[in-house]
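Chains, contacts and geometry: an overview
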Amino acid sequence: MSTTRRPRKVATTLAAALLAVLSGCSSGSDGAAPGGGGGSQEAVDAALREGGEITYWSWTPSAKAQVEAFQQEFPNVRVNYVNAGTGNDHYTRLQNAVKAGSGAPDVAQVEYQALPQFALTGALVDLGPYGFGGFESDYTPSTWNSVRVGDGLFGLPQDSGPMALFYNREVFDRHGIAVPATWAEYVEAGKRLHAADPTKYITADTGDAGFATSMIWQAGGRPFTTDGQSVTIDLQDEGARKWTSVWDQLVGQGLVAEIPGWTDAWYRALGDGTITSLAVGAWMPGVLEASVPGGAGKWAVAPLPTHDGTPVTAENGGSTQSVLRQSANPALAAAFVRWLNNGNGIKPFLAGGGFPATTADLGSAAFKDRESPYFGGQKVNQVLTRAAGQVAPGWSYLPYQLYANSIFGDTVGKAYADRSSLDDGLTAWQQALADYGNQQGFTVTTG
Amino acid sequence: MTAVASTSDPRRKSPVLTAVMAVYLLYTLVPLVWLLISATKTQQALLTTSGLSFGGPFALVDNVVQTFTHDGGIFLRWLGNTLLYVVVGAGGATALATAAGYGLAKYPFRGRNAVFAVLLGAIAIPGTALAVPTFLLFSNLGLTNTPWAVIIPSLVSPFGLYLIWTYTAEAVPDELLEAARIDGAGELRIFLTVTLRVLLPGVVTVALFTVVSTWNNYFLPLIMLSEPGWYPLTVGLNQWSAQATGVGAQPIYHLVITGSVITIVPLVAAFLLLQRFWQSGLTAGSVKR
């Protein structure tokens, strides 16, 4: 595996470059004009009765079970389920198909962070004209905000990831460390832990754009604003600086394990106590339960530490299902999306261990009061659903966030590696993002 | 003379060179050893035991069975796809390179030097640099997400063509062709019955090169294909590996590792079986007769 890592990295970089080239070609086209249908929910119902064939791209673990359940309920609709890759592989293919003008699916999974990029380039159908705007009250405000781009509604939220602190209670207890409520306490805990046992680290982070933006979000930063073709980037606003003032201490003093996320080494370190806590989205229990068997009975969940003691959190990860403009049958595609995220599709999603975006499911006693044996009997969803109601409002991502994330390692990642100032890293990132945005036809103002 | 003889004594040992070679040997073998040992472990043991020692239950057979049955047996499909791309793509590339290289070496025509210059230029350009233009070209032709998008670019091997060209110039004397012509053989018959036999070591060398590059081809199919049913092993294994990332992550490292072992076995076998030709092909043309 080590022999293939480098070419894979090169290829990933090239794929990102390709994505950039191709998305660049199509940005500045006709924007977010409403696509597809001058319909309403009646048109959607009619399309469902009539039946037909659609293609669905997704990598969520429950996608297969959901498609099977849908086909049972609606035998006259044929859904071709394709797993076109996870994350960037999926987006590269989706963007290629959009650019090529054919080959895109009818319905695709799109993460919230990637949605503006596809919505603003006119790749997605506005679901507002189908009357889906009426579903607003079914979802948490933060996820609903994530599927709205400009004046359009470009999907229905499937899951959400309000952040919480996952920590290894066994290691915390062994060293007499209390669960930190503020980030200052978190830094102290990191120091004490590493001093008591140099093989243990309070967390692991080698520079992850999704994590950094979520942490800036929680700290009150709003670095990205988009209005039509004009973009404002300010990665040195008060919130961003609050976060770096905490994280600089952890990274600078070597209190953070230099283990890249989602690698075999990372899974191993989560299981053996090397990484003792993670600030991460509410979907994490499923990952721990399924893939970190060594941590069973040791992990616990607490609210995310804050800067000033007032409970607040941010979203980390999460996806929507969107209808592509290339779809020959957008009404039927919209019907499938409605079933997935506002109908019977939620059941198989919950059964697969997903963390929902729908307030009814988040509020149900069966969900909230479930005791998790993995977490030593803790009712983790009580913590996590409370977090879902405490997400700071008003966040938005860049209209080229996927590109932005792909160059995060070259700028902020360097600051991590050198243990130098993260503010300098963020400034370098901001400069690179402004240059790229201007090249792509946006007018970028930096703060 | 004696001094020259003693420096070329094959038994003369250089401790530095030996050490360098030993390090290189380790560098080459350790990842392979790691891969083979890891293929015997369960997913859980992979994450709890040391990488270079055995640990946990011996799960090699179970891993192989799981690799071939996971996700509806898609791995077998990927193996079939890779074989298709190798047989048609690398086979075609070898045939084209052989015919063209022989033609260019033995039939003088106006503009041959220009062809030679273009050929050298083509060797200098890495395939990945052409990936984006190739993708746009194929998407305009409507060929993306079909096997042709992988096979057609694999059919061109400038380096193979160059190799056969120089090999032919060295190994096939004009007198041989003259003799065949005097005996009344047509040009096609000369190529198929006389030249090909002489060229065999060169052809096998080119075949090995193209087989290896097609077997390992990753970036081109990655961007061309979106339907997992058409993936070759490289892209498919990467998809399994990427499953370990993000919301709803499902790491199946044990299957990725076992799949990698299964993926390299045919290549290793090809090298061992064709070693004889491969070695004689490598040195071909290095000495002027």
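Residues numbered from 1 in each chain as written. Chains lettered and ligands numbered in written order. Predicted model: local features only at pLDDT ≥ 70, side-chain atom pairs only at ≥ 80, totals over all residues.

**Some remarks on the overall build of chain B**
Heads up, the rule is: In this description a helix means any DSSP run of H or I spanning at least four residues, a strand means any run of E spanning at least two, and both kinds are numbered starting from the N terminus. Radius of gyration here uses only the C-alpha atoms, and the compact-globule reference equals 2.2 Å multiplied by the residue count raised to the power 0.38. Partly exposed residues are those falling between the two cut-offs: more than 12 but fewer than 20 other C-beta atoms within 10 Å of their own, whereas 20 or more means buried and 12 or fewer means exposed, with C-beta atoms placed from the backbone. Here, residue contact means that the backbone-derived C-beta atoms of the two residues sit within 7 Å.
Tallying secondary structure elements over chain B gives 14 helices and zero strands in all. Helices (α) and strands (β) of chain B occur, in sequence order from the N terminus, as α-α-α-α-α-α-α-α-α-α-α-α-α-α. A compact globule built from 289 residues would reach a C-alpha radius of gyration of about 19 Å, whereas chain B, at 24 Å, exceeds it by more than 25%. Its C-alpha atoms put chain B at 70 × 65 × 35 Å along the principal axes. Evaluated residue by residue, chain B yields a buried proportion of 34% over its 289 residues. A separation of at least 24 residues holds for 73% of the contacts in chain B among residues at least 6 apart in sequence.

**Focus: the overall build of chain A**
Looking only at helices and strands, one finds 20 helices and 15 strands in chain A. A compact globule built from 447 residues should have a C-alpha radius of gyration of about 22 Å, and chain A, at 22 Å, falls within 12% of that. Expressed along its principal axes, the backbone C-alpha trace of chain A runs to roughly 65 × 50 × 45 Å. For chain A, long-range pairs separated by at least 24 residues make up 78% of all intrachain contacts whose partners lie at least 6 apart in sequence.

**Points about the domain arrangement of chain A**
Note: interface size is frequently given as the accessible area lost on complex formation between the parts. Residues and elements named next belong to chain A. Which entries qualify depends on this criterion: Domain delimitation follows an automatic or database domain assignment. Gly counts as polar in this scheme, as do all residues outside two lists: the nonpolar Ala, Val, Leu, Ile, Met, Phe, Trp, Tyr, Cys and Pro, and the charged Asp, Glu, Lys and Arg.
Each assigned domain of chain A is listed with its residue range as follows: domain 1 (8-160 + 317-362) and domain 2 (164-314 + 394-446). Averaged C-alpha coordinates put domain 1 and domain 2 at centres separated by 28 Å. Opposite the 20 residues of domain 1 that make contact, domain 2 presents 16 residues. Contributing elements (two or more residues each) for the side of domain 1 that touches domain 2: helix 1 (2-26) and helix 5 (115-120). Among the residues forming the side of domain 1 that touches domain 2, the class breakdown is eight nonpolar, eleven polar and one charged.

**A word on the interface of chain B and chain A**
Each side of the interface is counted separately: chain B has 34 residues, and chain A has 44 residues. When residues of the side of chain B that touches chain A are traced back to their parent elements, those giving at least two are helix 2 (15-38), helix 3 (43-46), helix 6 (131-141), helix 11 (219-224), helix 12 (233-242) and helix 13 (253-273) of chain B. Broken down by element, the side of chain B that touches chain A gets its largest block of residues, four residues, from helix 6 of chain B. Partitioned by chemical class, the residues of the side of chain B that touches chain A number 19 nonpolar, 14 polar and one charged.

**Remarks on the pairing of strand 14 (residues 319-323) of chain A**
When a strand is regular, its side chains alternate between the sheet's two faces. Residues and elements named next belong to chain A. Condition: Strand pairing is defined by DSSP finding a minimum of two bridges between the two strands.
Of all the five residues making up strand 14, five are buried; the element is thus mostly covered by neighbouring parts of the structure. Where burial is concerned, the two faces of strand 14 agree: the one with Ser319, Gln321 and Val323 and the one with Thr320 and Ser322 are both buried. Across two bridges, the pairing between strand 6 (residues 156-157) and strand 14 is antiparallel. Across the sheet, the residue bridging to Leu156 is Gln321, located in strand 14.

**A closer look at the pairing of strand 7 (residues 163-168) of chain A**
All names here are of chain A. Burial of strand 7 is extensive: six of the six residues sit out of reach of the surface. Residues Met163, Leu165 and Tyr167 line one face of strand 7 and the alternating positions Ala164, Phe166 and Asn168 line the opposite face, and both faces are buried. Direction of pairing for strand 7 relative to strand 12 (residues 277-281): antiparallel, over a ladder of five bridges. By the bridge assignment, Leu165 is partnered in strand 12 with Ala279. Of the pairings in the sheet, the one linking strand 7 to strand 13 (residues 299-303) comprises five bridges and is antiparallel in character. Counted as the bridge partner of Tyr167 is Ala300 from strand 13.

**Some remarks on the sheet that holds strand 14 of chain A**
All names here are of chain A. The condition that has to hold: Working convention: axes come from line fits to C-alpha atoms, limited for helices to the stretch in contact. Angles between N-to-C directions cover 0 to 180 degrees.
One open sheet holds the five strands; their spatial order is 2-1-3-14-6, and the pairing between them is mixed. Pairing within the sheet leaves two strands with one partner each, and these edge strands are strand 2 (77-82) and strand 6. Where strand 1 (residues 52-57) meets strand 2, six bridges bridge the pair, whose relative direction is parallel. Across the sheet, residue Glu53 finds its bridge partner in strand 2, namely Arg78. Most of the contacts of helix 3 (residues 63-73) go to strand 2, to which it runs at about 170°, and overall it touches strand 1 and strand 2. Running over the sheet, helix 13 (residues 330-342) touches strand 1, strand 2, strand 3 (107-111), strand 6 and strand 14 and is turned about 160° from strand 14.

**Points about the sheet that holds strand 13 of chain A**
Residue and element names in this part refer to chain A. Across the sheet, which stays open at both edges, the three strands sit in the order 12-7-13 with antiparallel pairing between neighbours. Strands at the two margins of the open sheet, each flanked by one partner only, are strand 12 and strand 13. Taking the axes of each pair of neighbouring strands and ignoring which way they run, one obtains an average angle of 30° across the sheet. Contacts between helix 17 (residues 380-388) and the sheet are confined to strand 7 and strand 13, with strand 13 contributing the most and set at about 30° to the helix.

**As for unusual backbone geometry**
With a phi close to 70°, Trp262 of chain A is a non-glycine residue in the positive phi region. On the secondary structure map, Trp262 of chain A appears in the loop between strand 11 (256-257) and helix 11 (264-272). With 20 C-beta atoms counted inside 10 Å, the residue Trp262 of chain A sits in the buried group. Phi is positive for Asn145 of chain B, close to 65°, though the residue is something other than glycine.

**Observations concerning the packing of helix 10 (residues 238-252) of chain A against helix 20 (residues 422-439) of chain A**
Residue and element names in this part refer to chain A. Using the following cut-off: Here the word oblique covers every angle except those under 35 degrees (roughly parallel), over 145 (roughly antiparallel) and from 65 to 115 (roughly perpendicular).
Between helix 10 and helix 20, whose axes approach to 9 Å, the crossing angle comes to 130°. Here helix 20 runs oblique to helix 10, going by the angle between their axes. Along the contact surface, helix 10 presents Ala240, Arg241, Thr244, Trp247, Asp248 and Val251, while helix 20 presents Leu422, Asp423 and Leu426.

**Quick notes on the environment of Asn381 of chain A**
Following the sequence through the fold, Asn381 of chain A ends up in helix 17. Once residues lying within four places of it in the same chain are set aside, the contact partners of Asn381 of chain A are Phe367, Lys368 and Arg370 of chain A.

**A word on helix 9 (residues 174-182) of chain B**
Little of helix 9 of chain B is tucked away, with zero of its nine residues classed as buried. Directly after helix 9 of chain B, the chain includes Gly184 of chain B, whose backbone phi takes a positive value near 95°.

**Some thoughts on the confidence of the model for chain A**
Residue and element names in this part refer to chain A. Rules: Per-residue confidence from the predictor is reported as pLDDT, which spans 0 to 100.
Averaged over every residue, the pLDDT of chain A is 91; residues scoring 70 or more account for 91%. Here residues 1-11 is a poorly scored stretch, pLDDT under 50, and it has nine contacts once near neighbours within four places are set aside; other chains count. Segment residues 20-38: pLDDT under 50, and 48 contacts once partners within four positions in sequence are set aside and those in other chains are kept.

**Some remarks on helix 12 of chain B**
Most of helix 12 of chain B sits out of view: ten of its ten residues are buried. Among the residues of helix 12 of chain B, Leu233, Thr234, Val235, Gly236, Leu237, Asn238, Gln239, Trp240, Ser241 and Ala242 of chain B are the ones counted as buried.

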